[in-house]
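Structural overview for review
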Amino acid sequence: MLCTIPNIGGSFQLLLFDGQRPLKATTDPTREGERPVLNTTIMLFLVQDGITSGAIYALLGLALVLVFAVTRVILIPQGEFVTFGALTYATLSTGNMPGTAWLAVVMGVVAFGLDLFAGRRALHLRGIGRALAVNILLPVAIYALTFWLAGKNTPIAVNIALSLLIVAAIGLFLYRIVFQPLAHTSVLVLLIASVGAHLALQGLGLVFFGAEGQRGPAISDAAFTVGALRFTGQSIAVYAITIAFIVGLWLFFGLTLYGKALRATAVNRLGARLVGIRTTLSGQIAFLLASVIGALSGILIVPITTLYYDTGFLIGLKGFIAAIIGGLVSYPLTAVAALVVGTVEAFSSFYASNFKEVIVFTLILPVLVLRSLAAPEVEEEKD
Amino acid sequence: MTQRLLPISIFAALMAVIPLIPGMPPFWIVLLNNIGLAALVAMGLVLLTGVGGLTSFGQAAFCGFGAYTTAVLTTAYGMSPWLTLPLSLLVSGGAAVLLGLVTVRLSGHYLPLGTIAWGIGLFYLFSKLEFLGRNDGITGIPPLAIGTLKMLDAGTIYYAIWVAVLISALLSMNLLDSRTGRAIRALRRGHVAAEAFGVQTPRAKLLVFIYAAMLAGLSGWLYAHFQRAANPTPFGAHAGIEYLFIAVVGGAGYVWGAVLGAGIVVILKEILQSYLPLLFRGEGQLETIVFGILLVLLLQLAPTGVWPWLMGRLPFKPFRKRPDTSLALAARDRPAAAPGALLKIDHARKQFGGVIAVNDVSFEVQAREIVALIGPNGAGKSTTFNLITGVLTASGGTISVNGRNIDNAPPQEVAKLGIARTFQHVKLVPDMSVLENVAIGAHLRGHAGAISSMLRLDRTDEAKLLAEAARQIERVGLSDQIDQLAGSLSLGQQRIVEIARALCVDPILLLLDEPAAGLRHMEKQRLAALLRTLRDGGMSVLLVEHDMGFVMDLADRIVVLDFGTKIAEGTPGAIKTNPDVIKAYLGAVA
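The rules behind these values
- Residues numbered from 1 in each chain as written.
- Chains lettered and ligands numbered in written order.
- Predicted model: local features only at pLDDT ≥ 70, side-chain atom pairs only at ≥ 80, totals over all residues.
- Core = buried A, V, L, I, M, F, W, Y, C linked by C-beta atoms within 7 Å.
- Buried ≥ 20, exposed ≤ 12 C-beta atoms within 10 Å, placed from the backbone.
- Helix = DSSP H or I, 4+ residues; strand = E, 2+ residues; numbered from the N terminus.
- Domains from an automatic or database assignment.
- Contact = placed C-beta atoms within 7 Å.
- Pairing = 2+ DSSP bridges.
- Axes fitted to C-alpha atoms, helices over the stretch in contact; angles between N-to-C directions.
- Nonpolar A, V, L, I, M, F, W, Y, C, P; charged D, E, K, R; others polar.

Glancing now at the nonpolar core. Inside soluble globular proteins, nonpolar side chains tend to come together where they are buried. Counting residues in each nonpolar core, the largest one holds 301 residues, and the members touching the most others are L62(A), V67(A), A42(B), V46(B) and A258(B). Ranked by residue count, the leading element in this core is helix α9 (residues 201-227) of chain B, at 17 residues. Both domains that meet at this core, namely domain 1 (2-312) and domain 2 (432-506) of chain B, each give it at least three residues. In this structure, A42(B) is in contact with Y243(B), I246(B), A247(B), G250(B), A258(B), G261(B) and A262(B), ignoring residues within four places of it in sequence.

Residues and elements named next belong to chain B. As summarised here, the arrangement of the 4 strands in space is β6-β5-β8-β9, forming an open sheet in which the pairing is antiparallel. Either end of the sheet is taken by a strand with one partner, and the two such strands are β6 (355-365) and β9 (404-405). Alignment of strand β5 (residues 343-352) against β6, held across 7 bridges, turns out to be antiparallel. Directly across from K350, in β6, lies its bridge partner V358. Running over the sheet, helix α14 (residues 381-388) touches β5, β6 and β8 (396-401) and is turned about 65 degrees from β6.

Residues and elements named next belong to chain B. Domain boundaries assigned for chain B yield domain 1 (2-312) and domain 2 (432-506). Each of domain 1 and domain 2 was reduced to a C-alpha centroid, and the two centroids are 31 Å apart. Across the contact, 16 residues belong to domain 1 and 18 residues belong to domain 2. Secondary structure elements with two or more residues in the side of domain 1 that touches domain 2: α6 (154-176) and α7 (179-187). Residue contributions to the side of domain 1 that touches domain 2 peak at 7 residues, all from α7. Of the residues that constitute the side of domain 1 that touches domain 2, the class distribution is 8 nonpolar, 5 polar and 3 charged.

The pairing of strands in a sheet comes from backbone hydrogen bonds and takes either a parallel or an antiparallel form. Residue and element names in this part refer to chain B. Read from one edge of the open sheet, 6 strands run β10-β11-β12-β7-β13-β14, paired in mixed fashion. Taken across any chain shown, the strands that pair with only one partner, and hence form the sheet edges, are β10 (419-421) and β14 (565-570). Adjacent strand axes in the sheet meet at a mean angle of 15 degrees when their direction is disregarded. In this sheet, β14 lies alongside strand β13 (residues 557-562) in antiparallel orientation, the contact comprising 5 bridges. The residue of β14 that forms the bridge with D562 is T565. Relative to the sheet, helix α23 (residues 579-586) contacts β13 and β14, its axis offset from that of β14 by approximately 130 degrees.

What follows is the structure, encoded as C-alpha cells:
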C-alpha cells in the first residue's frame, strides 16, 4: 500500500515504503489530527524508505553531475528521461507500442538534417554514411524491433533493454539537436535551453502516455525479512545498481584516459580540442550515460510507485538538490547527499506531510549559500 | 524631453483608444489585459536578468505574494483594494529582501537553481496553507473601484493594467538611464570592475531584485482584482519559466522588449491552444511542446530577442544628447604635501595554496611620480595591483596610502581614497556607450539614489557626471567615439577608455595594467605625453608594462619583480644595466 499525497494536477505518489505495508495513517489528510507516535519500528521504516528514495536520487544526482561536468549543461530534462524510461517500460509490459520509439525516429531525422547542414561544405560519403547510420538507421531499427516485439508477451529483461535503448537514443539526439549548437555559450543560456527542452519533452510525455499514471511489473518478486524490516528484490536491485554506478563512474573518471578526457572537456573546451579530444563526442557520451541512468531509475521505481507524465520533473529536481550539495563535481558527496535528501523527505512526510515538498526544496537554499561562500565566483563569464 | 517621451505618448494614446473601437471583441481586451500583466513581470525580469545578469525562474512566486496579500486582506478583513496595493508591494518586496539576501550571494549557476528551488517551494506553500485556501485558493475578491465606477469588466480594468505598465516602463527606463542604472548594467560583466569604482555590487543586485519582485507583486495585485480570485496554479514553477521565456523572446536587455515579448507569447499561446488540439488528438498542454521547441530555437538563432532586431530596422537612429561640458564636479580634497610616501607597500605577501605569487615585496610611490612595475610573465605584477586595490586580500604585510593602512579594505573603500585602476584584460560593458562606461568612473562623485533616478529628480547630478565623463574622454582623445558602443572599439581604444574611466575618479594615484598593449606607435606617444601631463598636474602613476621602450622613456623609477620577489629598484638607467634584471629576462649567461 502506498501513501498517497494529494497534489496539484493529479496525485504524486511518493516512493514510500516497499509497497506492502499499509501505513497510510501517517499521511492520510483526513486523519491529520491524530498523529501517530514515532516508534523504533516506524523510524526504521522511514529510514529504509529514505534510503531507497535516496538511492534513486543518488543515481539521478550522479547523472546530473556527469552531464554538468562534461558539457556545463544543467540537465533539467533528466526527469523526463526517468518518466520516459518508466512509462516506456510500463507501456511495453502491457503489450502496447510506446510513443517514445516514434519520438526517437523523429529526433533522429532532425539530428541527421543538422549533421548534413553543419557539414554542408565538406560532405563526403563516409561522413554521410556515419550520420545516416547513427541518426536514421539506429532509431528506425529500434522502432522496428519494438514494433515487432510489442504485444508478444516479451520477458521483462527484453522490455527493460528496449526501454533503455529508446531513451538512450532520445538522450543522444537531444544533445545533438538542442545543446551541441549551443556548446560555446554560457551556463545560463544552456540552462534556459535545458528548461525549454524539459517543457517540450514533458508535453510530449503527456501526448504519449496520457494523464493517467502507470505502474510496471516488478523486476523480482523475491522478498525477505530482517527483524521488523522487509526487503524486496526490487529495493535490493535499487541499492545494487546505485552502488555499481557510483563506483563505476568514480573509477571511469578517476582512472581511465577517456574519463580524464571528458573531464578536460569540462574545464576548457578549446584546450581539450587543441590536445585532440573530440568535445562533441564527449558530450554525446555524457548524454548517453545520463539518459540510460535516468531511464534505469525510472524502470526501478515504476514497480514501486505510480508514475505520471510529469512525475519525473520533481524526482529529477530532488536528484538536483543532491547534486548541488555535491557541488556538481563530487560523486561520493552527491551519493551521500542524496541519502540525506531521501531521509529528510521520508521523515518530513511523516511529521508534516503537507509541507514535505516545501521542506525538501528549502533544504537547498542554505546549501547553495554555503556553496557560494565556499567557492565565490572568481570572475565573470562572457556571454 | 519630447524626443524621449514622444514614442511613449503615441503608444499610450494608441492603447487608450483600442477598447473604444466599436465592435472590438471583448476577448481581445482580455488578451490585452493578460499581455499587460505578463509584461509587468517580464519588465522586472528584463532589469534583473537581461540587464543585471541575475537569472530568476521564480518571479511567478512574487506575483503570488502580491495576489494573495490583497486576496486575504480584501476578503477576510474587508480592506479596500487601493489600501492593499501598497501592502501587496510591501509583502512582495519584503519577501524579495529575505530571498534576495540569500539569492544574490549565490554565484554563477547556483543563482538560477536557487530560484527554481524557492519557486517550487513557495508554490507548494501557497497550495498547502489553510488561510490561503489551499489548492482551491481564494474567491470573491472585490473589484477595483473609483468612486462608484466598479472595474468589473475587462474593458475598464484594462486601463488600470495598462497605466501600470506604462508607468512601470517609464520608471524602469529612467532607472536604467542613471547613475544607479549604470551600476546595475555593469553587474552582468562581473563585479570586479564595478567595485573598483565604488559600486556596492551586492546592494545593486538586491535593489534590482526587489524592484523586479515589486513589479511582479503589482502584476499579482492587478491579476487578483481582474480575475477576482487567486489560486496557486498561475504562481508555480512553469509560470516562472514562461515569464523568463517572454523576456528572452522580446529581448532580455530591453524594457519594451518585455511588452513586445508578452504580446508575442500570450497571443501565440492563445493560437496554439485553439488550433493545436485540432492537429493532434487533444490532450491539453500541447502548447508547452511548441513553447519549449521555440525557446531552444530562439536561443540558437536569435539569442538577443525580437526587440533589438526590430529597432535595427528603424529608418531613424535614436537621438543622443551631448553632455554640457561646462558643468563641473567638485574636485577631491588633496592633503597638502602629506609627509612620507603616497603609497607604501611593506612586505606584502600573497599565497595561493603552495604558490607564493607575491613574496614580501616592498616599495613606495611618491607624489608626482611615475613608477613602473616590470618583470617577466608570472612575476606577480597584476597580483600586486589586486592587493593594492583590494580585489585580493594579502596574506601578510601592510599597504598604506598617505599613511593610512588599507590592507584588507574592500575595493570600494580603496576607490574612495582616490586610487583608480585599469585592467590587464579590458573590463568595459560592451553594450554600453563609451560615455556611459566612462561615467561609471565618476560613480562615487554622484549622489542620486534609485528612487530619485526613477522620478527624474537626479538630472543636475546626472548632468555633472556625464559632463565629467565627456571631459575625460576629450582629454584622452576619444571624443569622436563618445557615442559608440564600447564593444565596437579596437582593443587599444578600449584600453584608453579604461584610462578615461579611471580619470573620472579624480584620482591621486592611477594604476595602469599594461596600458600600452595593443596601441600603435603614435598612440603610445600620445599616452606617454598624457601621463606626463597628469604627473605634472600632481597625480602619481604606477604602471605595469611590457613595452620596455615605453617604460624606460616614461618612468621616473622602476621596480622589477621576478617570481613574486623584488629583484631590483632604481632609475631606468640603472635598471637597464642591472645584472639580475638581465638574468631574469634573458636567462643566465652560460
